[in-house]
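Remarks on the overall topology
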Amino acid sequence: MYRRLFFAALLACVAVAAGAATQVVAHRGYWDAPGSAQNSIRSLVKADSIACDGSEFDVWMTTDGHLFVNHDATIHGVEIQKAKAADVKKLRLPNGELIPTLEQYLKAGKRLKTHLVLELKPHDDKAQEAKAARKIIAMVKKLGLNKRVTYITFSLPGMKELIKRAPKGTEVYYLNGELSPAELKELGAAGLDYHYSVMRKHPEWYKQSHDLGLKVNVWTVNEESVMRECLEMGADFITTNAPELLQGILKQQ
Ligand code: MG
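Analysis parameters
- Residues numbered from 1 in each chain as written.
- Predicted model: local features only at pLDDT ≥ 70, side-chain atom pairs only at ≥ 80, totals over all residues.
- Heavy atoms only, no water.
- Helix = DSSP H or I, 4+ residues; strand = E, 2+ residues; numbered from the N terminus.
- Rg over C-alpha atoms; globule rule 2.2 N^0.38 Å.
- Buried < 20%, exposed > 50% of the residue type's maximum accessible area, 1.4 Å probe, protein only.
- Contact = heavy atoms within 4.5 Å.
- pLDDT = per-residue confidence, 0-100.
- Phe/Tyr/Trp six-rings, centres within 6.5 Å; stacked < 30°, edge-to-face > 60°.
- Axes fitted to C-alpha atoms, helices over the stretch in contact; angles between N-to-C directions.
- Parallel < 35°, antiparallel > 145°, perpendicular 65-115°, else oblique.
- Left-handed = near helix turned anticlockwise from the far one by under 90°.
- Nonpolar A, V, L, I, M, F, W, Y, C, P; charged D, E, K, R; others polar.
- Pairing = 2+ DSSP bridges.
- Right-handed = clockwise from strand over helix to strand, strands pointing away.
- Arc of directions from axis to C-beta.
- Polar contact = N/O pair within 3.5 Å; in protein donor to acceptor, adjacent residues only side chain to side chain.

The number of helices and strands found in the chain is 11 helices and 11 strands. For 253 residues, the compact-globule formula gives about 18 Å, and the C-alpha radius of gyration of the chain, at 19 Å, lands near that figure. Seen through its C-alpha atoms, the chain measures out along the principal axes to roughly 70 × 40 × 35 Å. Here the chain, with 253 residues, has 49% of them falling under the buried criterion. Restricting to contacts in the chain with at least 6 residues of sequence separation, those with at least 24 account for 54%.

Listed below in structure tokens is the structure:
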């Protein structure tokens, strides 16, 4: 009798653990909220305030080697990767915040609990991109955040540089969608971080990834039906513009 109860309890624990395994990543922070804006420090603080497991943001480097957090390549007509820091740092986000430097962003993140999901944007000049990867890694290390940061990128050379330069154990994920789990494993990636339409075309990539010890992140999942689909398929992370909707679904499970 007690044995049976013990195993029932054990199974329940396993089920809870399996459900809890999917983590919620706020896409460009939690920006769809009053006073927030994509990639603002406010959006990072808001993602943390609702206990998102992670908060994603995008990083560009200027020609003179300064790192800024912004999604679009261009802000107020200034193309960050072609500009000098002096011309970028005075620009403001839609919520009135100055565009954050990466250092400001990471320092804000250091005071919070949410995991920092840092996207290296693909730069036209691949030498500049590689330098950006190295500068990012050095800054993360300097701030004592090695264990708090995961890297993602659409750039294959950028991913290779991040894998080569980041401390052992750092997770680097690929966004672009064309590489199989086996190819990513070979390159040393922690897993794939693909659009849900890619995963629909390759549903076998969930199991293949898990069998190889890789993790699966799916983006940008904003509709409840797609969230449920990704959860059912076994996504380890779901990146979303609607983190509270996803958290609500996870609570029901
Ligand atoms: Mg991004």
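Attention shifts here to the environment of Pro94. Along the chain, Pro94 falls in the loop between helix H3 (85-88) and helix H4 (102-110). The spatial distance from the C-alpha of Pro94 to the C-alpha of Ser36 is 8.4 Å, given a sequence separation of 58 residues.

Attention now goes to the confidence of the model for the chain. Overall, the prediction assigns the chain a mean pLDDT of 94, with 92% of residues at 70 or greater. When the criterion is pLDDT under 50, residues 10-20 qualifies, and its contacts beyond four places in sequence or with other chains add up to 1 contact.

On to the packing of aromatic side chains, then. The final tally for this structure, using the stated rule, is 4 aromatic pairs. Each ring, one from Phe154 and one from Trp219, has its centre 5.7 Å from the other, and the planes form 80°; the classification is edge-to-face. Of this pair, Phe154 sits in the loop between strand S7 (149-153) and helix H6 (156-165) while Trp219 sits in strand S10 (residues 215-219), and the two are 65 residues apart along the sequence. Exposure remark for Phe154: the relative accessible area of 26% places this residue in the partly exposed category.

Right, let's get into the side chain of His123. Take His123: it is sitting in the loop between strand S6 (115-120) and helix H5 (126-142). What His123 contacts, discounting residues up to four positions off in sequence, is Val59, Trp60, Met61, Gln81, Gln128 and Glu129.

Take the packing of helix H10 (residues 224-233) against helix H11 (residues 243-252) next. Where H10 meets H11, the closest approach of the two axes is 10 Å, and the angle between their N-to-C directions is 50°. In terms of orientation, H10 lies oblique with respect to H11. Where H10 crosses over H11, the two elements pack in a sense that is right-handed. Across the interface between the two elements, Glu224, Met227, Arg228 and Leu231 of H10 pack against Leu245, Leu246, Ile249, Leu250 and Gln252 of H11. Here the residues of the contact of H10 with H11 are counted per class, giving 6 nonpolar, 1 polar and 2 charged.

Our focus in this paragraph is the pairing of S10. By the criterion of burial, S10 is predominantly enclosed, with 4 of the 5 residues buried. As paired strands, strand S9 (residues 191-195) and S10 are joined by 5 bridges and run parallel to one another. Opposite His195, over in S10, you have Trp219 as the bridge partner. Sheet topology places S10 next to strand S11 (residues 237-240); 2 bridges connect them, and they run parallel. Following the sheet pairing, Asn217 is matched in S11 by Phe237. Viewed along the sheet, the connection from S10 through H10 into S11 turns out right-handed.

Buried within H6 are the following residues: Gly158, Met159, Glu161 and Leu162. For H6, the angular spread of the buried residues around the axis is 165°, confining them to a single face. Elements that come into contact with the buried residues of H6 comprise S6, H5, S7, strand S8 (172-174) and helix H7 (181-187). Between the side-chain oxygen of the N-cap and the backbone nitrogen of Gly158 there are 2.9 Å, and the N-cap of H6 in question is Ser155.

This brings us to unusual backbone geometry. With phi around 60°, Arg28 is a residue other than glycine that occupies positive phi space. Within the secondary structure, Arg28 is located in the loop between strand S1 (23-26) and helix H2 (41-49). With a phi angle near 65°, Ala51 is a residue other than glycine that sits in the positive phi range. The residue Ala51 is located in the loop between H2 and strand S2 (54-61) in this model. Given the relative accessible area of 53%, Ala51 is considered exposed.

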